[in-house]
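# Examining the three-dimensional arrangement
What follows is each chain in one-letter form.
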Amino acid sequence: MKSNTRSVLFDTDIGIDDAMALLFLHYAPEIQLLGITTRFGNASVEDTTRNALNVVEHFKLKVPVFRGAARPLAARLGEGFPAHVHGNNGLGDVDLGEPSLKYETMNAAQAIVDNSALCREQGKRLSIVAVGGLTNIAHALALDGLIIKDIEEVIVMGGAFGYNGHRGNVSPVAEANIASDPLAADIVFSSDLTTTIVGLDVTHEVTVDEAFLELLVKQAGEAGQFIRDIMRFYLEFYFGINQRRECPLHDSCAVAYLLQPDLFSTIKNPVRVVTEGIAIGQTIHSDDIRRFVSKEWENIPNSNVCIGVDADAVLKLYQATLARAGSSCS
Ligand code: RIB
Ligand code: CA
């Protein structure tokens, strides 16, 4: 294993764009994927865990799957699961059958704690790519707050701050992952974890169309065909919204930040999350200019908030990485 390899856990509510991000991680040569932790979100935790097992089995990822949270810590925005976005099974209703693999007996929160310790024993630090809400990470912090020193970074696909004109997608101000467990997100962003937030501000700038997917079919073998097949449902959902068959690569942007952070511009500010009322799930960063009356952002560590992205470079990185699936080097 090369010395600059990053040890990574993928925490996910594996849905359509999550699956694209997981394959992005898998085919990235500088990543050592230690495991997948699942939770509810795009579908029930039963379905997201089955989806994770199916992708692992189908594409021979050889990583353990740890089942996680079936519900939020406290109130969330809405109820049920967005079958209109990710299909009834969470993978655009593409049926991969019942996996023969089983998920681990250890739960997701314990797996985060144990993998942090494993990395420490190996003189490394763990990175977590969290693309489906932060319930498992909040549970892990409650299990063992000392993991903070063993975790290099948590890269979160979630939130929205209004940059580039992008705000909420499940309310005018709230993004789906954060709104699925606002309290967990507020706990994580208020902790001493080194956190980068890859919100709708930048993910809505990175969109793919049918031509991009056809290129993956040509270059990425079975992985490209699978992505094209599951993305059909997602494209139709976004066509229904804006009459264009284009959709944002939400979760893959978090992976792109892990691989090449310089493709993003960021600011560092304390971030809080609204946990009740009509703005539940809203992410709000303070600024370092004004002295506000409110004390709610005082003594909160900075998060790294993505406010800009080189979208073409992210798409090229995705395409080049997935092309490894079609070549002998995968
Ligand atoms: O708001 C987009 C996020 O919600 C993505 O992670 C998508 O997979 C859904 O979980
Ligand atoms: Ca997701």
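You'll find the structure just up there.
Below: a short report on this structure. What you see is a predicted model; the values in this text were computed from it and never measured.

## What about the environment of K124?
- Considering the arrangement of structural elements, one finds K124 in the loop between α4 (108-121) and β4 (126-130).
- Along the backbone, K124 and S7 are 117 residues apart, and their C-alpha atoms lie at a distance of 7.7 Å.
- A polar contact is formed between the side chain of K124 and the side chain of S7, at a distance of 3.1 Å.
- Of the polar contacts made by the side chain of K124, one reaches the side chain of Q32; its length is 3.2 Å.

## Regarding the coordination of the calcium ion (ligand 2)
- For the calcium ion (ligand 2), the full set of protein donor atoms is D13 (OD), D18 (OD), D18 (OD), V131 (O) and D251 (OD), at a range of 2.3 to 2.8 Å.
- Spacing between the donor residues of the calcium ion (ligand 2) along their common chain follows D-x4-D-x112-V-x119-D. Of this pair, D18 sits in helix α1 (residues 16-27) while V131 sits in the loop between β4 and α5 (135-143); the two residues are 113 residues apart in sequence, bridging distant segments of the chain.

## Considering the sheet that holds strand β6 (residues 195-198)
- Taken together, nine strands build an open sheet; the order of strands is β3-β2-β1-β4-β5-β6-β11-β9-β10 and the sheet is mixed. Looking at strand neighbours, the two that pair on one side only are β3 (65-66) and β10 (283-285), the edges of this open sheet.
- One ladder, built from three bridges, connects strand β9 (residues 264-273) with β10; its direction is antiparallel. Within β10, the residue paired with R272 across the bridge is I284.
- Helix α7 (residues 182-189) contacts β5 (151-157), β6, β9, β10 and β11 (302-309) of the sheet and is inclined by roughly 115 degrees relative to β9.

## Side note on the packing of helix α9 (residues 210-219) against helix α12 (residues 311-326)
- Orientation of α9 relative to α12, taken along the N-to-C sense of each, is 30 degrees, at an axis distance of 8 Å. Judged by the inter-axis angle, α9 sits roughly parallel to α12. Taken together, the residues of α12 that come into contact with α9 (itself represented by F212, L215, L216 and Q219) are L315, Y318, Q319, L322, A323 and G326.
- Across the contact of α9 with α12, the residue classes tally to seven nonpolar, three polar and no charged.

The rules we used
Residues numbered from 1 in each chain as written. Chains lettered and ligands numbered in written order. Predicted model: local features only at pLDDT ≥ 70, side-chain atom pairs only at ≥ 80, totals over all residues. Heavy atoms only, no water. Helix = DSSP H or I, 4+ residues; strand = E, 2+ residues; numbered from the N terminus. Polar contact = N/O pair within 3.5 Å; in protein donor to acceptor, adjacent residues only side chain to side chain. Donors = N, O, S within 2.8 Å, 3.2 Å for Na, K, Ca; no water. Pairing = 2+ DSSP bridges. Contact = heavy atoms within 4.5 Å. Axes fitted to C-alpha atoms, helices over the stretch in contact; angles between N-to-C directions. Parallel < 35°, antiparallel > 145°, perpendicular 65-115°, else oblique. Nonpolar A, V, L, I, M, F, W, Y, C, P; charged D, E, K, R; others polar.

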